[in-house]
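# Analysis of the macromolecular model
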Amino acid sequence: MIRINDIIDKVAENHPGSDLSIIERAYIYSARVHHEQLRLSGEPYLSHPLEVAGILADMKMENISVAAGLLHDVIEDTHATSEEIKDLFGPDIFRIVSGVTKISSLPLKSSQERQAESIRKMILAMADDIRVILIKLADRLHNMRTLQHHSEEKSRSIAQETIDIYASIAARLGIYWIKNELENIAFMYVLPDEYGNIKNFVNREREEREKYIRRTKRFIREKLEENNLKGEVSGRYKNYYSIHQKMIKQNLTFEDVYDIIAFRIILDTIPQCYEALGLIHSLWRPIAYKFKDYIGFPKPNMYQSLHTTVMGPTGDRIELQIRTQEMDHVARSGIAAHWSYKEGSRIDETVSKKFAWIQNLVENQEDFSNPSEFMENVRIDLFPDDVYVFTPRGEIKTLPKGATPVDFAYLIHTEVGNQCSGAKVHGRMVPLQYELKTSDVVSIITSKKHHPSKDWLNFVKTVKARSRIRQWIKTQEKDKSIVLGREMCEKEFQKHRLNFTVEVKSDRMTEVVAHFGFKTVDDLIASVGYGKITPLQIVGKVVPKSESDTLQESIIHKLIGRVKKKKPNAGVVVKGLDDVLLKFGKCCQPVPGDPITGYITRGYGITIHRTNCVNALKVNPERQMEVEWSKKITETYPVKIRVRSYDRVGLLADIAEGISKNGANILYASTETKDIRDVDSFFTISVENIEHLRRVLSTIKKVKHVQEVKRIA
Ligand code: MN
């Protein structure tokens, strides 16, 4: 078992001057609460947090991370309480430990492989402090190293999860040594046969290969020296799991995988790296598509290196990585290399600078040859805009931040959304507007009688929910409109002695549908229901044109024929004048009751206008005369009115009836069709006074389909 003093020494070496007592206190506390607990191996439980702290110290992590590593299992596995940890070790350690606990207690279930990407994103999104992830990785690494104590089935499932989730996260953070070790151990448990085969193959001609490695290393070193380049050259076997993956991906047998050995050249400066690259390329022919410049274009996890593969002297391929010391350090420990925490500051300055720089890359991602891959790796990790929630069966669903149970319901299924009547989070009822949080377990209550509400549109966040709710509302409205439209059409057709039910199936109807620009008869009928077109317009298209035209004309003729033309007479008293020639302004057609003003017109006596008539206002005020309506009026006066309505058969007749019913005469009538449904009817009617006019107008207003009745002048 690793000793606490060794761990403390490492931290002291890497972070001189930091407070080491917190590590000691964490160790003592952890030993106390884990007391008498044993691991499956039979060792005291304390060995696990100690090893985890040791891995963290090896990663050059600082005192807080190492102390949190010692405490990472106490909340979950012992009687220790959150309050105690907070009181004894402060808010930072508490936050990190509870972050690790939260990830460890995620209700992850089977079918993880399919959901691996969601789980990885969720874990990264959950950690507000990257140290949570690093501790979780160290925890998993030690658990993998001691996996042999589990049952075969259990160890296989843990190993699979390790490949799917944790090795990927380690790679994403650039901690390749953890990624490689996790993968290699997991590979052994998940595919023991394949693992054994590769191991045998690698070892079979081991001596031969070792010789080859030594020869090649020496050759490269000599060439570097000849060119005054000082560099370290190393050669190593690739990890078994990546050899296995390569065999699968490219469908190769082991003999065909020639680049199982990779060489690495470490130099002092970046120019030296490019110089060495030029040298290698001049010695051996490079394979063009294999060349990658991660110095000029670092990976999102800050990995930098030149990668190239060349055809070696005997025609075999040689894979090379060329980089500086510093880059090599980053390549080994990834993001942790930049994580030299100072007390009080959560993010090291160089890290935030690098992150800003990554953000810049994201914004200029068109420069990348494979932007989708780049985005996949970076954006979601660094800018977690998503929340990850569980279905009751443990499946993970990804939703945008701010999403609600309604969004979740529609994500599950449109029907679940449409019948969503309530929601529970962790078994407790929540409002439908509730904002979902990562790791919420959400269940939706549905009811066949329940329907989407327009209000939902105010709070849903996903495009899917929004469009499905809209669609539902639209369908509902259309259904109603079809019922209404059909009823209106049936009545209208009946009036014209036509059977709508029969006509609707006729070929002529197909033409009518096309004429109005619809695809189906239902659309046409619905648009009648919506009030977009009138049933009469449909009749007009079904009945031959001349017939319907004649219909309209004859109505107007009939009306005009009934009109008795009658000239209006005076009835106005001009103050101080008895016998004077009077005329009424044609522009405003005053009716008894209207405020009026007289104007002297040369040669024509006095013209009477309504006081507010625009023409009258233009006349010189000197010509103005005070006038008033006489008390006894027996005359009727003409007045123009305009009736706006939706067109229909019998409209004019009904209006005319309304006028004559009130004892007014029609002097003139005309109609003007404005667009497909609107019609303006103009009438000049004779009324006794303004009160009489009002009665007529209000009667007309009640006529079916009349929209507006107005006196015009
Ligand atoms: Mn643990």
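A brief look at the structure comes next. Just so it is clear, the model here is predicted, and its values are computed rather than measured.

So, about the overall build of the protein. Of regular secondary structure, the protein possesses 28 helices and 21 strands. In the protein, which comprises 713 residues, the proportion classed as buried is 48%. A separation of at least 24 residues holds for 66% of the contacts in the protein among residues at least 6 apart in sequence. Element-wise, carbon and sulfur atoms account for 50% of the exposed surface of the protein, whose accessible area totals about 37,300 Å².

Bringing unusual backbone geometry into the picture now. Phi angles above zero are rare outside glycine, and R497 is one such case at about 55 degrees. In this model, H705 sits at a positive phi of 75 degrees, which is unusual for a non-glycine residue. Inspection of the secondary structure assignment puts H705 in the loop between α28 (690–701) and β21 (706–712).

Inspection of every chain in the model, using the stated rule, returns 12 aromatic pairs. Both rings, one in Y176 and one in Y303, keep their centres 5.5 Å apart while their planes meet at 75 degrees; by these two values the pair is edge-to-face. Linking Y176 in helix α10 (residues 176–190) with Y303 in the loop between β4 (292–293) and β5 (306–311), this pair joins segments that are 127 residues apart in sequence. Put simply, the rings of F187, Y195, Y240 and Y241 touch in pairs and so form one group of aromatic residues.

Take the sheet that holds strand β9 (residues 420–425) next. Sheet architecture is open: 3 strands sit in the order β10-β9-β11, paired in antiparallel fashion. Only two strands of the sheet have a single partner each, and these edge strands are β10 (428–430) and β11 (442–446). Taken pair by pair, the neighbouring strands of this sheet meet at an average axis angle of 40 degrees, ignoring direction. When β9 meets β11, the two strands line up antiparallel, connected through 5 bridges. Counterpart to K424 in the pairing with β11 is S443. Here helix α18 (residues 405–412) sits on the sheet in contact with β9, β10 and β11, set at roughly 80 degrees to β11.

A surface patch of like charges, here negative, comprises E205, E207, E208 and E255. With respect to the helices and strands, the residue E207 is situated in helix α12 (residues 206–226). Look at E207 and you get exposed, because its relative accessible area is 65%.

Another point: a positive patch on the surface. Among the surface-exposed residues, K211, R214, R215, R218 and R221 lie close enough to one another that they form a single positively charged patch. Examined against the element boundaries, R221 turns out to sit in helix α12. Accessibility expressed as a relative area gives 32% for R221, which makes it partly exposed.

Moving on, we get to the coordination of the manganese ion. Summarising the metal site, the manganese ion is bound by the protein donors H48 (NE2), H72 (NE2), D73 (OD) and D139 (OD), whose distances to it range over 2.2 to 2.3 Å. Counting residues between consecutive donors of the manganese ion along the chain gives the motif H-x23-H-D-x65-D. Placement of H48 in helix α3 (residues 47–58) and of H72 in the loop between α4 (63–70) and α5 (74–77) is noted, with a sequence separation of 24 residues between them. Relative accessible area serves as the criterion here: at 1%, H48 is assigned to the buried category. Since its relative accessible area comes to 2%, H72 is described here as buried.

For the rest of this paragraph, the subject is the pattern of salt bridges. Counted under the stated rule, the structure contains 22 salt bridges. D139 is the salt-bridge partner of K136, the closest N and O atoms lying 3.1 Å from each other. Taken as a pair, K136 and D139 lie in helix α8 (residues 130–145) at a separation of 3 residues, close to a single helical turn. Judged by its relative accessible area of 5%, D139 falls in the buried class.

The antiparallel open sheet is built from 4 strands, whose spatial order is β19-β20-β18-β21. The two strands at the open ends of the sheet, each matched to only one other strand, are β19 (665–673) and β21. Pairwise comparison of adjacent strand axes, ignoring direction, gives a mean angle of 20 degrees for this sheet. When strand β18 (residues 637–646) meets strand β20 (residues 678–687), the two strands line up antiparallel, connected through 10 bridges. Within β20, the position partnered with P638 by the bridge is S686.

Core analysis: the largest hydrophobic core is formed by 105 residues, its most contacted members being I93, I123, I133 and L137. The element that contributes the greatest number of residues to this core is α8, accounting for 9 residues. Apart from the residues lying within four places of it in its own chain, the contact partners of I93 are I22, I64, A67, A68 and L71.

Another point: helix α2 (residues 21–33). The first and last C-alpha atoms of α2 sit 18 Å apart over 13 residues, in line with the 18 Å expected at 1.5 Å per residue. Turning to α2, its buried residues number three or more, namely I22, I23, A26, Y29, S30 and V33. Across the axial projection of α2, the buried residues extend over an arc of 130 degrees, all falling on one side. α2 presents I28 and R32 as exposed residues on the side facing more than 90 degrees away from its buried surface.

A few words on the environment of K478. Secondary-structure assignment places K478 in helix α20 (residues 463–495). Note on K478: relative accessible area 29%, which makes it partly exposed. A sequence separation of 49 residues divides K478 from S527, and the C-alpha atoms of the two residues are 8.7 Å apart. Once residues within four sequence positions are removed from consideration, K478 is found in contact with D523, A526 and Y530. A polar contact of 2.4 Å, which involves the side chain of K478, links it to the side chain of D523.

This part takes up the pairing of β18. Most of β18 sits inside the fold, with 7 of its 10 residues counted as buried. Where β18 meets β21, 6 bridges bridge the pair, whose relative direction is antiparallel. Following the sheet pairing, S645 is matched in β21 by V706.

What follows concerns the packing of α8 against helix α9 (residues 152–172). At a minimum axis distance of 11 Å, the contact between α8 and α9 shows a crossing angle of 145 degrees. Crossing handedness for the pair α8 and α9: left-handed. Here I133, K136, L137, R140 and M144 of α8 come into contact with α9, specifically with I158, A159, E161, T162, Y166, I169 and A170. Partitioned by chemical class, the residues of the contact of α8 with α9 number 8 nonpolar, 1 polar and 3 charged.

Looking at helix α22 (residues 507–515), one finds that the buried residues are M509, V512 and V513. Along the axis of α22, the buried positions cluster into a sector of 100 degrees, meaning they face one direction only. Residues of α22 that are exposed and point more than 90 degrees away from the buried face comprise D507, T510, E511 and A514. Among the structural elements, α20, α21 (500–503), α23 (521–530) and α24 (535–542) are those in contact with the buried residues of α22. The first or second residue beyond α22 is G517, which carries a positive phi of 80 degrees.

The buried fraction of strand β7 (residues 386–390) amounts to 4 of the 5 residues, a majority that puts the element mostly inside the structure. In this antiparallel pair of consecutive strands, β7 and strand β8 (residues 396–400), the connection spans 5 residues, and G394 shows a positive phi of 90 degrees.

What counts as what
Residues numbered from 1 in each chain as written. Predicted model: local features only at pLDDT ≥ 70, side-chain atom pairs only at ≥ 80, totals over all residues. Heavy atoms only, no water. Helix = DSSP H or I, 4+ residues; strand = E, 2+ residues; numbered from the N terminus. Buried < 20%, exposed > 50% of the residue type's maximum accessible area, 1.4 Å probe, protein only. Contact = heavy atoms within 4.5 Å. Areas by Shrake-Rupley, 256 points an atom, 1.4 Å probe, with all protein chains shown as cover. Phe/Tyr/Trp six-rings, centres within 6.5 Å; stacked < 30°, edge-to-face > 60°. Pairing = 2+ DSSP bridges. Axes fitted to C-alpha atoms, helices over the stretch in contact; angles between N-to-C directions. Patch = residues over 30% accessible without salt bridge, like charges linked within 9 Å, V, L, I, M, F, W, Y side chains within 5 Å. Salt bridge = Lys/Arg side-chain N within 4 Å of Asp/Glu carboxyl O. Lys, Arg positive; Asp, Glu negative; His and termini not counted. Charge placed at Lys NZ, Arg CZ, Asp CG, Glu CD. Donors = N, O, S within 2.8 Å, 3.2 Å for Na, K, Ca; no water. Core = buried A, V, L, I, M, F, W, Y, C linked by side-chain atoms within 4.5 Å. Expected span 1.5 Å × (residues − 1). Arc of directions from axis to C-beta. Polar contact = N/O pair within 3.5 Å; in protein donor to acceptor, adjacent residues only side chain to side chain. Left-handed = near helix turned anticlockwise from the far one by under 90°. Nonpolar A, V, L, I, M, F, W, Y, C, P; charged D, E, K, R; others polar.

Interpretation note: all reported values are geometric properties and have no functional meaning in isolation.
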